[in-house]
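# Observations on the three-dimensional arrangement
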Amino acid sequence: MILLVFLDGVGLGPATAANPFVTLDLPAFERLAGGQRWTADATPIREPEHVFIPIDATLGLEGLPQSGTGQAALFTGENAAAVHGRHFGPYPPTTVRPLVAERSVFARLVAAGIEADRLAFANAYPDRFFRFVEKRGRWTATTLAAHSAGVRLRRAADLAARRALPADLTGETWHALIDIDQKPQSEADAARALAALVADHAFVLHEYYLTDKAGHSQDAARAADVLTSLDRFFEALLDALPPEALLVLSSDHGNIEDLATKSHTRHPVPLIAHGPGAHAFAEAGSLTDVTPAILRVLTDADA
Ligand SMILES: [Zn+2]
């Protein structure tokens, strides 16, 4: 079983004062990097059950990587930026939507014989998200990939049953702004809910995008709130995951690791694999190598 945690806008950058991975104390992040801070200086790890390496997010194109094409590449294993001709975001452009719909990690696992109900997309979406999608036709990469493969999008009722996670993990935003009475929870509660989903699925995806928002804000206090919240989440997650689960973690492009710039960066992004089968990720070089490695682990007994 694999849990893929996708963090939006997290690169491995130089160890400068503008890099919150240098200035903050983040013990669980460091545990995921073999006791190192998440910077460009960290030594890659390629052990049988633990991989921590930088991978390329530029996809061989000029310009700053963007979420639409970067996420499409991460979740399909195809160079979506090359398909589109340039980086594009935040939503996948029409040129790559068929790719995301038909060749996503979800679709390819279903094609390999794993039933769609053994796959889960853990994020919950409020009703207003579905109204927005209907009106604008703007799917995110993850929602389009899941929905097209027959993997159900989770809603408020799933959150209430602790069978889904809110975008901010704690549900504070949801509680304050949106349409249900969902009590805020701790990051550890969110981690335990996610671990329970992992225990009864072959593959679970969780998406977290507040890292990218914090990077764009250039607000060090906001970045600290987001990263320390995630650190609490990872700490509980590492304890709660079943021992046979493989945790895979990556990003679509850099951003929060350089608060001196408002934009994305061309830095490599981290690829972490932690647990049985991790070594299948050891030779990954770019965003497009993540989905093929997931497929090898889940569909090939020799992987
Ligand atoms: Zn962004």
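Because the structure is a prediction, the values reported are computed rather than measured.

### Quick word on the packing of helix α12 (residues 210-217) against helix α13 (residues 220-240)
Relative placement of two packed helices is described by the angle separating their axes and the distance separating the axes. The interhelical angle for the contact between α12 and α13, taken along N-to-C directions, is 160 degrees, at an axis separation of 8 Å. Between α12 and α13, the angle is such that the two are roughly antiparallel. In the packing of α12 onto α13, the handedness of the crossing is left-handed. Residues Leu 210, Thr 211, Lys 213, Ala 214 and Ser 217 of α12 touch α13, and the partners they reach there are Arg 222, Ala 223, Val 226, Leu 227 and Leu 230. The residue inventory of the contact of α12 with α13, partitioned by class, reads 6 nonpolar, 2 polar and 2 charged.

### Thoughts on the layout of surface pockets
Counted as a void, the largest pocket has a volume near 970 Å³. Forming the walls of the largest pocket are 29 residues, and the residues nearest its centre are Tyr 125, Thr 140, Ala 167, Tyr 209 and Lys 213. Elements that contribute at least two residues to the lining of the largest pocket include exactly α3 (67-76), α7 (127-136), α10 (172-177) and α12. Here the lining of the largest pocket takes 4 residues from α12, the largest share from any one element. When grouped by side-chain class, the residues that make up the lining of the largest pocket number 14 nonpolar, 9 polar and 6 charged. Surrounding the second largest pocket, Asp 168, Thr 170, Glu 172, Thr 173, Glu 187, Tyr 208, Leu 210, Asp 225, Val 226, Ser 229 and Arg 232 form its lining. Mapped onto the lining of the second largest pocket, the elements with two or more residues apiece are α10 and α13. A per-element tally of the lining of the second largest pocket places α13 first, with 4 residues.

### Quick notes on the coordination of the zinc ion
For the zinc ion, the protein coordination sphere consists of Asp 212 (OD), Asp 212 (OD), His 216 (NE2) and His 264 (NE2), at 2.0 to 2.7 Å. Viewed at the metal, the 4 donor atoms of the zinc ion are separated by angles of 52 to 137 degrees, and the geometry they form is irregular. Read N to C, the donor residues that coordinate the zinc ion are spaced as D-x3-H-x47-H. With Asp 212 in helix α12 and His 264 in the loop between β6 (246-251) and β7 (269-274), this pair connects stretches of sequence that are 52 residues apart. The two residues Asp 212 and His 264 agree in class, both being buried.

### Observations regarding the pairing of β7
For β7, a buried count of 5 out of 6 residues is recorded, marking the element as mostly surrounded by other parts of the structure. Relative to β7, strand β3 (residues 50-55) runs antiparallel, the two sharing 6 bridges. Note that in β7 the partner of Val 51 across the bridge is Ala 273. The pairing of β6 with β7 spans 3 bridges and is classified as antiparallel. The partner of Val 248 across the bridge, within β7, is Ala 273.

Rules used throughout
- Residues numbered from 1 in each chain as written.
- Predicted model: local features only at pLDDT ≥ 70, side-chain atom pairs only at ≥ 80, totals over all residues.
- Heavy atoms only, no water.
- Axes fitted to C-alpha atoms, helices over the stretch in contact; angles between N-to-C directions.
- Helix = DSSP H or I, 4+ residues; strand = E, 2+ residues; numbered from the N terminus.
- Parallel < 35°, antiparallel > 145°, perpendicular 65-115°, else oblique.
- Left-handed = near helix turned anticlockwise from the far one by under 90°.
- Contact = heavy atoms within 4.5 Å.
- Nonpolar A, V, L, I, M, F, W, Y, C, P; charged D, E, K, R; others polar.
- 1 Å grid on protein atoms, 1.4 Å probe; cavity = no way out; pocket = protein on both sides within 12 Å on 5 of 7 lines; lining within 4 Å.
- Points joined across faces, edges and corners; volume = space filled by probe spheres on them.
- Donors = N, O, S within 2.8 Å, 3.2 Å for Na, K, Ca; no water.
- Tetrahedral: all angles 85-135°; square planar, octahedral: opposite > 155°, others 65-115°.
- Buried < 20%, exposed > 50% of the residue type's maximum accessible area, 1.4 Å probe, protein only.
- Pairing = 2+ DSSP bridges.

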